[in-house]
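# Report on the structure
Residues per chain, in single letters:
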Amino acid sequence: MDVMAVPRFERFFRTVAGLDVDKNDLKRYSDFVQDKLYDLLLLGQARAKARRSDVIEPMDLPITKGLQERVHEFRRLDQEIELAPILAHLATRPLLDPGLSEETEAQLPAIAGGLSVALARAFKIIDPKLPNPRTEHWERARQIFDLLL
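As the structure is a prediction and not an experimental result, all values here were calculated from the model. (Residues numbered from 1 in each chain as written. Predicted model: local features only at pLDDT ≥ 70, side-chain atom pairs only at ≥ 80, totals over all residues. Heavy atoms only, no water.)

All right, on to helix 6 (residues 135–148) then. Here helix 6 is 14 residues long and its end C-alpha atoms lie 20 Å apart, about the 20 Å a rise of 1.5 Å per residue gives. Taken residue by residue, helix 6 has His 137, Trp 138, Ala 141 and Phe 145 as its buried positions. An end-on view of helix 6 places all buried positions within 100 degrees of arc, on one side of the element. Of the exposed residues in helix 6, those oriented more than 90 degrees away from the buried face are Gln 143 and Leu 147. Against the buried residues of helix 6 lie helix 2 (26–50) and helix 5 (102–126). (Helix = DSSP H or I, 4+ residues; strand = E, 2+ residues; numbered from the N terminus. Expected span 1.5 Å × (residues − 1). Buried < 20%, exposed > 50% of the residue type's maximum accessible area, 1.4 Å probe, protein only. Arc of directions from axis to C-beta. Contact = heavy atoms within 4.5 Å.)

With that settled, the discussion passes to a nonpolar patch on the surface. A surface patch of nonpolar side chains, amounting to about 360 Å² of accessible area, comprises Ile 144, Leu 147 and Leu 148. Along the chain, Leu 148 falls in helix 6. For Leu 148, a relative accessible area of 69% corresponds to the exposed category. (Patch = residues over 30% accessible without salt bridge, like charges linked within 9 Å, V, L, I, M, F, W, Y side chains within 5 Å. Areas by Shrake-Rupley, 256 points an atom, 1.4 Å probe, with all protein chains shown as cover. Salt bridge = Lys/Arg side-chain N within 4 Å of Asp/Glu carboxyl O.)

Here the focus is the pattern of salt bridges. According to the stated counting rule, one finds twelve salt bridges in the structure shown. In this structure, the salt-bridge partner of Arg 51 is Asp 60, at a minimum N-O distance of 2.7 Å. Measuring nitrogen to oxygen at the nearest pair gives 3.1 Å for the salt bridge that ties Glu 136 to Arg 134. On the basis of relative accessibility, which here comes to 35%, the residue Glu 136 falls in the partly exposed class. One salt-bridge network, in which partners are shared between bridges, spans Lys 65, Glu 69, Arg 70, Glu 73 and Arg 121.

Between helix 1 (residues 5–17) and helix 5, the least distance of the axes is 9 Å, while the angle of their chain directions is 60 degrees. When the axis of helix 1 is compared with that of helix 5, the two are oblique. Crossing angle aside, the handedness with which helix 1 passes helix 5 is right-handed. Residues Phe 12, Phe 13, Val 16 and Ala 17 of helix 1 pack against Gly 113, Ser 116, Val 117, Leu 119, Ala 120, Arg 121, Phe 123 and Lys 124 of helix 5. (Axes fitted to C-alpha atoms, helices over the stretch in contact; angles between N-to-C directions. Parallel < 35°, antiparallel > 145°, perpendicular 65-115°, else oblique. Left-handed = near helix turned anticlockwise from the far one by under 90°.)

This is the structure in structure tokens:
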């Protein structure tokens, strides 16, 4: 992640969940977002193939009500934080068959943002008094998301 992105990343977690994160957390965060997006895209790929489509449409992605609400929250927050361009870079996708529609590809940064909001809030559920996530908190959060996505 670009050095210029670090302050936005820190501000995002402070705003969403009152957490202090630093540049050392960026790698874990980046890996988390990429892995969870990939999981969603794999399921979308299966749905698109089942409908015999040549592209993965937004309706193919298994976006839950909760994740959709976090995406909306992210969009509101992003007007002041401007994290979407950074997430667009993180939301690089593997080559899939079928590929993504333009609409699906355009939605990936916001979906990554929704996952980010959910992740930040998950840290506070794991430990409501948590000032900054440590390795054990990242591992617990990942385990929770792995159960659901």
